[in-house]
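Structural features, examined
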Amino acid sequence: MGLLSSLTTALLLLAFSLFVLFYSFTRFSNNGVPLVRSVNYSYNDPKAQKTSKGDIHRASWRTFGFPTERECTIDPESRFDCGRDRLLSQGECEDRGCCFSPLPSPVGPPWCFYPRWYPGYKMGPFSPSTHGKTASLTRAKPSYLFKEISPLTLEVMEESADCLHLTIKDPFTQRYEVPLPEGVSHTKADAQDVLFTVEFHSEPFGFIVRRATNGRVIMNTTVAPLLFADQYLQMSTTLASSFVSGLGEHYTSLVLDLNWTSLTLWNRDMAPHADANLYGSHPFYMVQEEGGLAHGVFLLNSNAIEVILQPTPALTWISTGGILDLYVFMGPDPQSVIRQYLQVIGYPMMPPYWSLGFHLCRWGYTSSNATRSVAQHMHSANFPMDVQWNDLDYAHERKVFTFDPMRFGDLPEMVEEFHERGMKYILILDPGISSTSPPRTYPPFEDGVKRDVFVKNAMGEILIGKVWPGPTAFPDFTNVETRQWWEDCIRNFYSEVPVDGLWIDMNEPASFVQGSVEGCPDNDLERPPYTPRMVGGQLNSGTLCMSAQQKLSTHYNLHNLYGLTEAYATHSALKKIQRKRPFVLSRSSFPGIGRFSAVWTGDVQSDWEQLGFSIPAVLQFSLFGVPLVGADICGFGGNTTEELCVRWMQLGAFYPFMRNHNDKPNAPQEPFVFGQKAQAAMRRAVNLRYSLLPFLYTLFHHAHTSAATVARPLFMEFPSDPNCKSIDQQFLWGGSLLISPVLKQGAVKVKAYLPLGTWYSLYNGQAFHSKGQFFLLPAPLDTINIHVRQGHIIPQQEPALTTAASRRKPFFLIAALSGDGSARGDLFWDDGESLDTFEMQNYSYIIFTAVQFQIVSEPLKLNGALDGLVLAGVQVFGVLSAPIYVLANGEKVLDFAYQADTKVSLNFFHNMINRVLIIGQINVHTFDTGSHFQECLRVDLI
């Protein structure tokens, strides 16, 4: 045994020695100096890493001395990266006064990290300010950053009882600050009403935000130093839990992975896939706390941002410019967090009713005749469809504001034909304006040059990029004159082609060359000392030069705002031209875009994984204040399959925005091209959507007026249910309908979670009494499982081929009773297209209630919009024994039925919706007591 033990020891020592040699070979360079690299980050090339006046780093910081071993004894998951900005050797790490401690793997926790105490800014005393109170932040000694800014000004504003707002900025030099919508007001609350407390640490500066009711720490920025240089701003904080959502736009689950994940916010023309920055940037996150509480944090900053998530749980913000403008929303519940966030960035617009119908598009409808044919085939096959689209095929030489005289010569006539059939028409409008047309042949460019509307390069000349028509100029939508020119271009085109909406694509902005056709200058804007990890590796990859000049600032500061500013200009133009509710669809996004535009999730692939990930993508935008959102149904890239397209049409029927869109080289995926069984399944899904449009439209009314979410994560509605925290393969419409789609190939059953309570199948009223559990539900190819929540009343309408027709069809109600026989619902109704109907009090609004087994309507507002519309029937779910008879307006209704197996009362009658209706005496077995009642079930629709 002794010999064996000695041999074992020798072998272990030999193995360790080999490991050290291998490790030294792979991890050491620069004459044996170890290099430290954190997980998931990129750094600029070696040329940019040389210490110089333009570099972010100072060569040495040894004057602060080395941290002690005790200061460096930190759990790996709680380390905060001291080398995020670049690759560091051990010596360089220690020169910064940071700790160096290698781990077995280079992936995960940083090897170079801040000690427990690290020198930083020192906060001076507070003094009153116009909006709150201010204090000065100063450094006794500089940090390792070049062009560091000191002093700084901290301003703290208690915007309201549930919102803390603070800014950190340079008091002497104006830096770019993102403007907010005007007219947002807050009421300052009494001290006893405030939901938070804030504790400031003087040196090193940091602050701790706690929930006033339970003392829970919401933010703690004292865990790592505040850094603030010209092109590098960094702030870290702990998180109250690991259930974090937001920080889009990325290809992620609804709850983010905190295992040393890096998320970059930099708008980019990039098809959705993992570990990539995509089309939009939303520096907002929500944290689900224990006990059903929630809070949110918003960093109002438009520069390139990297967010590092770690399992502490904690995160670090790093921005390449601007200021630190931070909002903390205290909820206390998830829906309140969203309302508070939207009070800052603006509530979403009210969409036109027709935009909630089915949309059909393809890049590859190569002529007006081909476009006509598709629309005709859809209606001939009895598929509801409201809106026909054209991609860039329509444009002459791919130039916007033109149409091809040969292939689309009768485009105006085609649009009028669609209008006569009750349909709408939308086409694509890219921002890039062709710059190479012969003189006097392309007014949009020539007029734009005269009016000085285009983005300029660093030399003051028009910056020329390259997009679909070739060399292009890019409008500067931060310029008032540009917005007027854009309106004039749209007005001139609209006078020939009366489009109903505009699709603004490629507006990150995207360019097929890096920066410009002439390249970009070699300066700190194009090659900043720090670049977040991103597709292409550089800020100007696939877009404009960062040094490009716009009216408000450089493109370095404004890039992420380009889509938002174009959406605002387009929405404003259509509003003035059409004098109706505008419809705009944008690919690029930034906080506040929901006020002007719908958004879609870009060039998704036709595969099952992307089908599943489309749900968290849609739900993320709900959190971002963009309720009108959807993914390209059946996928944009690659060929779909019949089964995939059926399942995607079923799911897409419950996207708030429903559009089937396909790429040019792919097999057709219009619903009518598939087999009869597949068509029947798709038709059923679309008809179901159209029947629910009154309910969906009412949800959008609440989104517009009170910031309610439309497509809703389960945790929003059931925040105290731990099973709901991370569910993102199911979702809700409002608080009433639960959607449980099939997302797996070949599946004919779906495992669905039903929160506590009774849920009724929308199709037949079958009751599921759930204790908060999963059910395995049948899901044949023609079925998507939809359940109505107990206590809710759903208004429906008979579907038709267009919303223009369906809006004249009879209404129906589904009343899903709670155990005590109660239920509630509502209906918002206007003409579906006029401007500001809610603001101008030009609408009808009815509350439906079921109480003591009577269904009653209470009209809170009537304007005649419902005149002539018929209520054709009521289904009551949860009636446990058969009615004796049914009365309508005091008269017996013979056409009623009771389904004993599902406990559903079906009542049909034909009276106007603005008459008094009585549905008579029934025998009801209540759920909670088991007693029997002889009660009168009334429906009073006044």
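Computed from a prediction, not measured in an experiment: that's the story for all the values here.

Before going further, it helps to spend a moment on the confidence of the model for the protein. On average, residues of the protein carry a pLDDT of 89, and 87% of them reach 70 or more. Below a pLDDT of 50 lies the segment residues 1-63, which in the model reaches 114 contacts outside its immediate sequence neighbourhood of four places, other chains included. In this model residues 910-942 is a low-confidence stretch, pLDDT under 50, and it forms 126 contacts with partners more than four residues away in sequence or in other chains.

Counting buried positions along strand β21 (residues 314-319) yields six of six residues, so the element is predominantly enclosed. In β21, alternate side chains face the same way, and those of Ala314, Thr316 and Ile318 on one face and Leu315, Trp317 and Ser319 on the other are all buried. Relative to β21, strand β15 (residues 232-238) is paired through six bridges, and the arrangement is antiparallel. In the strand pairing of β21, leucine 233 is matched with serine 319. The antiparallel hairpin formed by strand β20 (residues 305-310) and β21 contains three residues in its connecting segment.

Moving on, we come to the packing of aromatic side chains. When we look at a pair of aromatic rings, we describe it by the centre distance and by the angle of the planes. For the structure shown, the criterion picks out 43 aromatic pairs. Between the aromatic rings of tyrosine 232 and tyrosine 530, the centroid separation amounts to 5.2 Å while the plane-to-plane angle is 80 degrees, which identifies the pairing as edge-to-face. Separated by 298 residues along the polypeptide, tyrosine 232 in strand β15 and tyrosine 530 in the loop between β29 (501-504) and α10 (555-558) bring together distant segments of the chain. Overall, tyrosine 232 belongs to the buried group, its relative accessible area being 0%. Tyrosine 530 sits in the buried class, given a relative accessible area of 1%. Between phenylalanine 838 and tyrosine 843, the ring centres sit 5.5 Å apart and the planes meet at 35 degrees, which makes this aromatic pair tilted. According to the relative accessible area criterion, tyrosine 843 is buried, its value standing at 9%. Members of the aromatic cluster, joined through ring pairs, are Tyr353, Tyr697, Phe811, Phe828, Trp829, Phe838 and Tyr843. Sitting over the face of the ring of tyrosine 442, lysine 399 holds its NZ or CZ atom 5.6 Å from the ring centroid. Above the plane of the ring of tyrosine 843 lies lysine 861, whose end atom (NZ or CZ) is 5.6 Å from the centre.

Thresholds applied
Chains are numbered independently. Their residues run from 1 in the order of the written sequence. pLDDT decides what is reported in this predicted model: residues at 70 or higher carry local features, side-chain atom pairs at 80 or more are listed and counted, and totals for whole chains, interfaces and linings draw on all residues regardless. Hydrogens and waters are ignored; side-chain quantities use all the structure's heavy atoms. For every residue, the predictor states its confidence as a pLDDT score lying anywhere from 0 to 100. Whether two residues touch is decided by their heavy atoms; if any such pair falls within 4.5 Å, the residues are in contact. The rule is simple: take the accessible area with a 1.4 Å probe, protein chains only, and divide by the maximum for that residue type; under 20% is buried, over 50% is exposed, in between is partly exposed. Only runs of H or I of at least four residues qualify as helices and only runs of E of at least two qualify as strands under DSSP, and these elements are numbered from the N terminus. In this description, strands pair whenever DSSP reports at least two bridges between them. Within 6.5 Å between ring centres, the rings of Phe, Tyr and Trp (the latter by its six-membered ring) count as paired, and their orientation is classed by plane angle as stacked under 30 degrees, edge-to-face over 60, tilted in between. Our definition puts a charge over a ring when NZ of Lys or CZ of Arg is within 6 Å of the ring centre and also within 35 degrees of the ring normal.

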